[in-house]
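# Tertiary structure, described
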Amino acid sequence: MFAQNPWEGLITFSISRRATLAGMAAAPLIAATGPVVANRKPVTVFQARQIVTMERALPSARFMAVSDGMVLGVADTLDDLAAWTQGRETRVDTRFADQILFPGLIDPHIHPMQSAVMLNIPFLAPDDWKLPRGHYPGVTGKAEYRSRLKAMIAGQSGEIVVIWGHHELFHGPMNRTVLDEIEPDRPVVIWQRSFHDVFANTAALKWMELDNAEAFYSAVSAANALHEHASFENGIFSETALQIAIGKLRPVILAPSKLQSGFADLQTMMHARGVTTTADLATGIFAGFDIEAGLIGNAFGRPESKARISLMPIASELDRRDNFDAAKWYAQTHGGFTNDKVRLDKRVKLFADGAFFAQNMRMGAPGYTDGHIGKWLTEPDALVEQLERYWKAGFALHVHVNGDEGAAVLLDALARLPHRLAQTITLEHLGYCTEAQIVKIAELGLMVSAQPNYIRVLGEAYSKTGLGPDRASLMNRLGSLERNGIPLGLHSDFNMAPIDPFYLAWIAQTREGIDGKRRAPEEQLSREKALRAV
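Remember, it's a predicted structure, so these values are computed and weren't measured experimentally.

## What about the overall build of the chain?
The helix and strand tally for the chain stands at 21 helices and 22 strands. Taking 2.2 N^0.38 as the reference for a compact globule, 534 residues should give roughly 24 Å; the C-alpha atoms of the chain span a radius of gyration of 24 Å, in line with that estimate. Expressed along its principal axes, the backbone C-alpha trace of the chain runs to roughly 80 × 55 × 45 Å. Evaluated residue by residue, the chain yields a buried proportion of 57% over its 534 residues. In the chain, the proportion of contacts linking residues at least 24 apart, taken out of those at least 6 apart, comes to 73%. For the chain, the exposed surface amounts to about 22100 Å²; the carbon and sulfur share of it is 52%. Of the side-chain charges in the chain, 54 are positive and 59 negative, and the distance between the mean point of each set is 5 Å.

Now the structure itself:
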């Protein structure tokens, strides 16, 4: 069974999965074509206790030949690699002789701009966080949270204080009145654990120039946000109204020096956990696609960068452009932001219902235990139009969906799209769904990129408030996805979960909550599938 970070200290070297598989596949072809295409550059042979290949027909080896950044081949003895080493300058590297080498890991859903912003903000959440610039122990209980929050605010400098991680079920209610009691003078903003909600005290609303109801709701209307997603009285900017707060905070959170250090910290975390490939699943959420793509391309395109990234625009952001033509936009944009480490495929991100960590997802009958109703990020009719428009334009679709009502609306719409070869549809997160919906997902040939940290952090809390013990135990129905043969990956969606694929695989395989309880073992992933999912 996994333990948290089960191979901590054992696996210290990761290689590109793509290079590994390409090297293995190409080896017999290169040999067959003769010396015309032979690579005669020096070879380094790495020796390890075990080299995990993730190839079912050749699952492991002990020696790996590498030249000019490409894996040439693997074998169980040095002699077996003679076809690659004979007559060439060869060096045997034994530094990993007692360790396990694993292919480079993939985290298919990270938001680099969000990460760069959040890595400059202190964390105060229910769960522990170890980050490049500090360790933030988790906190639970209203009194303890408020005491820690007050102390944290006092320790921060700057014109406005921003702190991430509040969750009502762990920390008690949060609103303008509560914040004013904790800090009546300095502008303070609390970013909810989901990232989708922001709370401001009176001083912060004044700093934003939104300190009267008329100005506040004028900003809501100007942003085309739903008025029920914002509250002047409570100082709340939620879901569709979040962009109002982000816009006001932009001069502070997007300061060039902060972004530079944030991107550096992000890549440090990725490298430390063996992540060699990722994707930005919402390029443009802070500053628009063009600006963010340029910033990310600069950060990841440097020679010293050790990871690749794929950019992905947001449908709603593109739709706001005048006379927008999706296919024409991709053709004109594709070459402008890409290099050997940054790519832009013909994919687009769409949003159905709200955040799982905020209980904003749309839940089907019987709904939430306290009677509240979740939120749509995109109203169903508008979502259907987006799906049809971008599918027709030839884009692969990645759709954020969390609750079973959200899944019901989405699956009905996807079932009406014409089938097209080489065009894929991926459901992002899929926090809660029914067994029947999983069968439908399989029938439609969809893929799922799941966020397994829901069951770990929220299993106990949501069983008591919101979902009840039965539905809470069935969050992240990954075992059902595996049994139905649905292509599946696991992601962090940092900072919804740490950038640590082995940790995510351990959660998926054990379903162990932060309370130590394992819920719905039938929904565990097999160990092999959990590893393949990262």
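Read on, since the account is not over.
## Remarks on the pattern of salt bridges
Tallied over the entire structure, the rule returns 19 salt bridges. One salt bridge in this structure joins Asp-127 and Arg-193, with 3.0 Å as the shortest N-O distance. Taken as a pair, Asp-127 in the loop between helix 3 (112-118) and strand 8 (129-131) and Arg-193 in the loop between strand 11 (188-192) and strand 12 (197-200) lie far apart in primary sequence, 66 residues in all. Exposure class is identical for Asp-127 and Arg-193. Each is buried.

## Some remarks on the pairing of strand 12
Side chains Asp-197 and Phe-199 of strand 12 all project onto a buried face; the interleaved residues Val-198 and Ala-200 project onto the opposite face, where all are buried too. Pairing of strand 11 with strand 12 involves three bridges; the strand directions are antiparallel. Bridge assignment links Val-189 to a residue of strand 12, and that residue is Ala-200. Once strand 11 ends, the chain turns through four residues before running back antiparallel as strand 12, passing Phe-195 with a positive phi of about 80°. In terms of strand pairing, strand 12 meets strand 14 (residues 236-238) through three bridges, oriented antiparallel. Of the residues in strand 14, the one forming a bridge with Asp-197 is Ser-238.

## Section: the side chain of His-400
Within the secondary structure, His-400 sits in strand 19 (residues 396-401). Reaching out from His-400, the side chain makes a polar contact with the backbone oxygen of Asp-353 at a distance of 3.0 Å. Ignoring any residue separated from it by four or fewer positions in sequence, one finds His-400 in contact with His-196, Lys-349, Leu-350, Phe-351, Ala-352, Asp-353, Gly-354, Leu-377, Glu-428 and His-429.

## Let's talk about the packing of helix 10 (residues 256-272) against helix 11 (residues 289-300)
Running from N to C, helix 10 and helix 11 cross one another at 55°; their axes reach a closest spacing of 10 Å. Taken together, the axes of helix 10 and helix 11 are oblique relative to one another. Helix 10 and helix 11 meet at a crossing whose hand is right-handed. Touching Leu-259, Phe-263, Leu-266, Gln-267 and Met-270 of helix 10 are Leu-295, Ile-296, Ala-299 and Phe-300, all from helix 11. Grouping the amino acids of the contact of helix 10 with helix 11 by side-chain chemistry returns eight nonpolar, one polar and no charged.

## Structural notes on the environment of Cys-433
Here Cys-433 lies in the loop between strand 20 (425-429) and helix 16 (435-443). For Cys-433, a relative accessible area of 2% corresponds to the buried category. Each C-alpha atom of the pair Cys-433 and Pro-452 lies 14 Å from the other, and the pair is 19 residues apart in sequence. Dropping the residues within four chain positions of it, Cys-433 is found in contact with Asp-404, Ile-438 and Arg-477.

## Quick look at the sheet that holds strand 10 (residues 161-166)
The strand order 10-11-12-14-13 describes an open sheet built from five strands, whose pairing is mixed. If you trace the sheet from one side to the other, it starts and ends with strand 10 and strand 13 (230-231), each paired once. As paired strands, strand 13 and strand 14 are joined by two bridges and run antiparallel to one another. What sits directly across from Ser-231, in strand 14, is Ile-236. The sheet strands contacting helix 4 (residues 142-154) are strand 10 and strand 11, and the helix crosses strand 10 at an angle near 155°.

## Quick word on the confidence of the model for the chain
Here the chain shows a mean pLDDT of 92. Residues at 70 or above account for 93%. The low-confidence segment residues 1-15, where pLDDT is below 50, has 50 contacts with residues more than four positions distant or belonging to other chains. Low confidence marks residues 17-37, where pLDDT is under 50. Its contacts with residues over four positions away, or in another chain, come to 24 contacts.

## A closer look at the packing of aromatic side chains
Summed over the entire model, instances satisfying the criterion amount to 22 aromatic pairs. Judged by centre distance (6.2 Å) and plane angle (75°), the ring pair of Tyr-330 and Phe-395 falls under edge-to-face. Within this pair, whereas Tyr-330 is found in helix 13 (residues 326-333), its partner Phe-395 is found in the loop between helix 14 (380-392) and strand 19, the two being separated by 65 residues in sequence. What makes Tyr-330 buried here is its relative accessible area of 15%. By the ring-pair criterion, three or more aromatic residues cluster together here, those being Phe-289, Phe-324, Trp-329, Tyr-330, Phe-337, Tyr-390 and Phe-395. Across the ring face of Phe-232, the terminal group of Arg-176 is positioned such that the distance to the ring centre comes to 4.6 Å. Note that Arg-193 overlies the ring of Phe-357, its terminal NZ or CZ placed 4.1 Å from the centroid.

## Brief notes about a negative patch on the surface
There is a patch of like negative charges on the surface, built from Glu-228, Glu-379, Asp-381, Glu-385 and Glu-388. One can find Glu-388 in helix 14.

## Remarks on unusual backbone geometry
For the peptide bond that leads from Ala-365 to Pro-366, omega is 10°, which places it in the cis range. Relative to the elements of secondary structure, Pro-366 occurs in the loop between strand 18 (347-351) and helix 14. Phe-494 connects to Asn-495 through a cis peptide bond whose omega is 15°. Here Asn-495 is to be found in the loop between strand 22 (488-490) and helix 20 (501-510). Unlike most non-glycine residues, His-429 shows phi in positive territory, near 85°.

Parameters at a glance
Residues numbered from 1 in each chain as written. Predicted model: local features only at pLDDT ≥ 70, side-chain atom pairs only at ≥ 80, totals over all residues. Heavy atoms only, no water. Helix = DSSP H or I, 4+ residues; strand = E, 2+ residues; numbered from the N terminus. Rg over C-alpha atoms; globule rule 2.2 N^0.38 Å. Buried < 20%, exposed > 50% of the residue type's maximum accessible area, 1.4 Å probe, protein only. Contact = heavy atoms within 4.5 Å. Areas by Shrake-Rupley, 256 points an atom, 1.4 Å probe, with all protein chains shown as cover. Lys, Arg positive; Asp, Glu negative; His and termini not counted. Charge placed at Lys NZ, Arg CZ, Asp CG, Glu CD. Salt bridge = Lys/Arg side-chain N within 4 Å of Asp/Glu carboxyl O. Pairing = 2+ DSSP bridges. Polar contact = N/O pair within 3.5 Å; in protein donor to acceptor, adjacent residues only side chain to side chain. Axes fitted to C-alpha atoms, helices over the stretch in contact; angles between N-to-C directions. Parallel < 35°, antiparallel > 145°, perpendicular 65-115°, else oblique. Left-handed = near helix turned anticlockwise from the far one by under 90°. Nonpolar A, V, L, I, M, F, W, Y, C, P; charged D, E, K, R; others polar. pLDDT = per-residue confidence, 0-100. Phe/Tyr/Trp six-rings, centres within 6.5 Å; stacked < 30°, edge-to-face > 60°. Lys NZ or Arg CZ within 6 Å of the ring centre and 35° of its normal. Patch = residues over 30% accessible without salt bridge, like charges linked within 9 Å, V, L, I, M, F, W, Y side chains within 5 Å.

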